[in-house]
Structure formats: C-alpha cells, structure tokens
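The primary structure of each chain is shown beneath.
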Amino acid sequence: ITIDGSIPEHRSGIPGSVKNPEVNATLRPGIELNGANAGVSSGLNLQNSSGHLIRGLIINRFFSPANGSGDGIHFENVSNSVIEGNYIGLDATG
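These numbers were taken from a predicted model, which means no experiment stands behind them. (Residues numbered from 1 in each chain as written. Predicted model: local features only at pLDDT ≥ 70, side-chain atom pairs only at ≥ 80, totals over all residues. Heavy atoms only, no water.)

1. Some details on the sheet that holds strand β1 (residues 2-4)
Read from one edge of the open sheet, 3 strands run β1-β6-β9, paired in parallel fashion. Pairing within the sheet leaves two strands with one partner each, and these edge strands are β1 and β9 (82-84). Within the sheet, the average angular offset between the axes of one strand and its neighbour, ignoring direction, is 10°. As paired strands, strand β6 (residues 53-55) and β9 are joined by 3 bridges and run parallel to one another. In the strand pairing of β9, Leu 53 is matched with Val 82. (Pairing = 2+ DSSP bridges. Helix = DSSP H or I, 4+ residues; strand = E, 2+ residues; numbered from the N terminus. Axes fitted to C-alpha atoms, helices over the stretch in contact; angles between N-to-C directions.)

Following this line, the structure appears as structure tokens:
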C-alpha cells in the first residue's frame, strides 16, 4: 500500500519548476485522519503485510481503552515499510 498525502510547499526566492516541484519545495502533510468520532479504533491498521509507504498524513485523536490512548498507525507482522513526513498525534500545524 502506498499512501502519499504530501503537499509541496514552495520556498520563497527559489525559482519554480513545474516538471520537478521537489527541487524548490518542501513537503508537508496534507491529508488528516481525525479519530475524534471514530470510537475505539486506530487511524491505520496494517497486518500481515509488507512494502508500505505512509507519507504526508496528519493522524490524531484515535482512542483505545486498553492503553488510554490510540494508535495513529497500528502495525502487526509488517515488514519492509516506510513511515515518513507524517504528523502523528499532532494537528496540521505540527
């Protein structure tokens, strides 16, 4: 599974490039998974799999009574996966 919700954020003073926006941009999370009304659950639940890329998400407000807080991303028997550039447990401002 690949989830990439990154949004390019252009830096001022650096010429833009339509073909390669990452040359002049930093990436910031752009998709929010808000668990405020989700009941008892995790933001993402990945099991018995491999090769995931999870990038550019804002994951917050998930709750589990077992540990008093929620799992933004719950992995079980998962390998060879990358989680990068996410805000987990934070709002969009970081």
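2. Side note on the sheet that holds strand β4 (residues 31-34)
The 3 strands lie next to each other as β4-β7-β10, forming an open sheet whose pairing is parallel. Every interior strand has two partners, whereas the edge strands, β4 and β10 (87-88), have only one. In this sheet, β10 lies alongside strand β7 (residues 57-60) in parallel orientation, the contact comprising 2 bridges. By the bridge assignment, Ile 58 is partnered in β10 with Tyr 87.

3. Some thoughts on the pattern of salt bridges
Enumeration according to the criterion identifies 2 salt bridges in this entry. With a shortest N-O distance of 2.8 Å, Arg 55 and Glu 84 are connected by a salt bridge. One end of the pair, Arg 55, is in strand β6; the other, Glu 84, is in strand β9, and 29 residues separate them in sequence. Each of Asp 4, Arg 55 and Glu 84 takes part in one network of salt bridges that share partners. (Salt bridge = Lys/Arg side-chain N within 4 Å of Asp/Glu carboxyl O.)

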